[in-house]
Amino acid sequence: MKKRNKKIDYSILTDIDIWKLVKANRISRFPANFWNKDSFKNIFRYICLELYKFSKEDICNIRLKFFLKEECLITGIDIFNKSSFELLSYCFPELEIKEWELILVPKDFWNEDTIKRAINWLSEKEGLCKREDLINNFSTNLLKKNKLATLTSRYSLQYLLNLCFPEYDIKKWELRKIDKWSDELCHEAINWFLKKENLNTRKDICERFSGNLLEKNGLSGMLSIKFGYSSIKVLEFEFPGEYKKEDLKAYRNYV
């Protein structure tokens, strides 16, 4: 006579014990009404933290559907509304995982609100609170380092900063080297420079306008590429016929 398999008393087993039975093919399926968020969390944390010793980066890089299938946990994706972010956030609240840290950012995730959240998080994390800090340190490499590479392919650094910090009104020439200076861009830069340095009158300009001051304000590229390092040419461009070299104190002191 064929010997009957001994009936398993699931009530004395932990969630992890039951998962081990399924994984070892000792039982073909999980018991009825077994799955809920907490039973999944218990097993998933055990697999990630105790079996595989995953770091936060490892966890964020899990290709979840494939991994869950391999570990007999594919039901989990349905428990968490098919959301990788919801699943990982619930299972690892202490890691404070952000959507953009996942290997696959949720579809249609990026909009103005989520961009602001991401850039504000980055600025706080890196201690970039002041205008000068952002201009000197905010870069494509910094975004890539913090899992925000997707933003670099969609938006300019200037757009990202001015969206999040409109009070700073950061200009593109403050952030990167510009190879081509159009007349329109030059007019914009020169007017910004005059306003920033309070060069409001002819006297102000004659006394303080110089190539060094332009370079100090991040306009060395414009000065060299468009005007051949000639500050008087900058004024001739912006104010045709109004200034000569001799009018400028910087020139008089130089000669």
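All of these numbers come straight from a predicted model, not from anything done at the bench.

Conventions used here
- Residues numbered from 1 in each chain as written.
- Predicted model: local features only at pLDDT ≥ 70, side-chain atom pairs only at ≥ 80, totals over all residues.
- Heavy atoms only, no water.
- Helix = DSSP H or I, 4+ residues; strand = E, 2+ residues; numbered from the N terminus.
- Rg over C-alpha atoms; globule rule 2.2 N^0.38 Å.
- Contact = heavy atoms within 4.5 Å.
- Areas by Shrake-Rupley, 256 points an atom, 1.4 Å probe, with all protein chains shown as cover.
- Lys, Arg positive; Asp, Glu negative; His and termini not counted.
- Charge placed at Lys NZ, Arg CZ, Asp CG, Glu CD.
- pLDDT = per-residue confidence, 0-100.
- Buried < 20%, exposed > 50% of the residue type's maximum accessible area, 1.4 Å probe, protein only.
- Phe/Tyr/Trp six-rings, centres within 6.5 Å; stacked < 30°, edge-to-face > 60°.
- Core = buried A, V, L, I, M, F, W, Y, C linked by side-chain atoms within 4.5 Å.
- Disulfide = S-S within 2.5 Å.
- Axes fitted to C-alpha atoms, helices over the stretch in contact; angles between N-to-C directions.
- Parallel < 35°, antiparallel > 145°, perpendicular 65-115°, else oblique.
- Nonpolar A, V, L, I, M, F, W, Y, C, P; charged D, E, K, R; others polar.
- Polar contact = N/O pair within 3.5 Å; in protein donor to acceptor, adjacent residues only side chain to side chain.
- Salt bridge = Lys/Arg side-chain N within 4 Å of Asp/Glu carboxyl O.
- Arc of directions from axis to C-beta.

Draft legend 1. Examining the overall build of the protein more closely. When its secondary structure is counted, the protein shows 17 helices and zero strands. Its C-alpha radius of gyration of 30 Å places the protein more than 25% over the 18 Å reference for a compact globule of 255 residues. By principal-axis analysis of the C-alpha atoms, the protein measures approximately 115 × 25 × 25 Å. Taking contacts inside the protein between residues at least 6 apart in sequence as the whole, the part at least 24 apart equals 51%. For the protein, the exposed surface amounts to about 16100 Å²; the carbon and sulfur share of it is 47%. Across the protein, the mean location of the 46 positive side-chain charges is 7 Å away from that of the 38 negative side-chain charges.

Draft legend 2. Focus on the confidence of the model for the protein. In this model, the protein carries an average pLDDT of 92, and 96% of its residues clear a pLDDT of 70 or more. Mean pLDDT across the elements of the protein ranges from a minimum in helix α17 (residues 249-254), with 68, to a maximum in helix α2 (residues 37-51), with 97.

Draft legend 3. Geometry of unusual backbone geometry. For Lys82, which is not glycine, the phi dihedral falls at a positive 60°. For Lys82, the location among the structural elements is in the loop between α5 (76-79) and α6 (84-91). With relative accessibility at 58%, the residue Lys82 sits in the exposed group.

Draft legend 4. Seen up close, the packing of aromatic side chains. Going through the model one piece at a time under the given rule, you end up with 24 aromatic pairs. With a centroid separation of 5.4 Å and 65° between ring planes, the pair formed by Phe227 and Phe237 is classed as edge-to-face. With a gap of 10 residues between them, Phe227 in the loop between α15 (220-225) and α16 (231-238) and Phe237 in helix α16 connect regions that are remote in the sequence. By relative accessible area, Phe237 is classed as partly exposed at 21%.

Draft legend 5. Looking closely at the nonpolar core. In terms of nonpolar packing, the biggest core is built from 30 residues, with Phe40, Phe44, Leu64, Leu68, Leu73, Leu87 and Leu88 touching the most fellow members. Mapped by element, the contributors of at least two residues to this core are α1 (15-23), α2, α3 (56-60), α4 (64-70), α5 and α6. Sort the elements by how many residues they give to this core and α2 lands first, with six residues. Ile178, Leu214, Phe227 and Tyr243 belong to the second-largest nonpolar core, a separate cluster that totals 25 residues.

Draft legend 6. Just the environment of Cys129, in detail. Residue placement: Cys129 occurs in the loop between α7 (112-126) and α8 (131-137). As a C-alpha pair, Cys129 and Phe165 span 36 residues in sequence and 9.9 Å in three-dimensional space.

Draft legend 7. Fine view of the state of the cysteines. In this structure the tally under the stated criterion is zero disulfides. Looking at the unpaired Cys60, the closest cysteine sulfur is the one in Cys48, lying at 11 Å. Not engaged in a disulfide, the cysteine Cys164 finds its nearest cysteine sulfur in Cys129; these two sulfurs lie 13 Å apart.

Draft legend 8. Expanded view of the packing of helix α12 (residues 183-196) against α16. Contact geometry for α12 and α16: axes closest at 11 Å, N-to-C directions at 105°. As judged from the angle between their axes, α12 and α16 are roughly perpendicular. Note on element contacts: α16 touches α12 through Val234, Phe237 and Glu238, opposite Asp183, Cys186, His187, Ile190 and Asn191. Considered class by class, the residues forming the contact of α12 with α16 number four nonpolar, two polar and two charged.

Draft legend 9. Looking closely at the side chain of Glu71. Secondary-structure assignment places Glu71 in the loop between α4 and α5. When its relative accessible area of 4% is taken as the criterion, Glu71 is described as buried. Engagement of the side chain of Glu71 in a polar contact is seen with the side chain of Lys23, the distance being 3.3 Å. Ignoring sequence-local partners within four residues, the contact set of Glu71 consists of Trp19, Lys23, Ile47 and Tyr52.

Draft legend 10. Examining the pattern of salt bridges more closely. Within the structure shown, the criterion is met by 13 salt bridges. Among the ionic pairs, Lys23 bridges to Glu71, the shortest N-O distance being 3.3 Å. With Lys23 in helix α1 and Glu71 in the loop between α4 and α5, the pair connects residues that are 48 residues apart, well separated along the chain.

Draft legend 11. Quick peek at helix α11 (residues 157-164). Restricting attention to buried positions, one finds in α11 the residues Leu157, Leu160, Leu161, Leu163 and Cys164. Seen end-on, α11 carries its buried residues on one side only, within an arc spanning 160°. In this fold, the buried residues of α11 make contact with α7, α8, α9 (140-145) and α10 (149-154).

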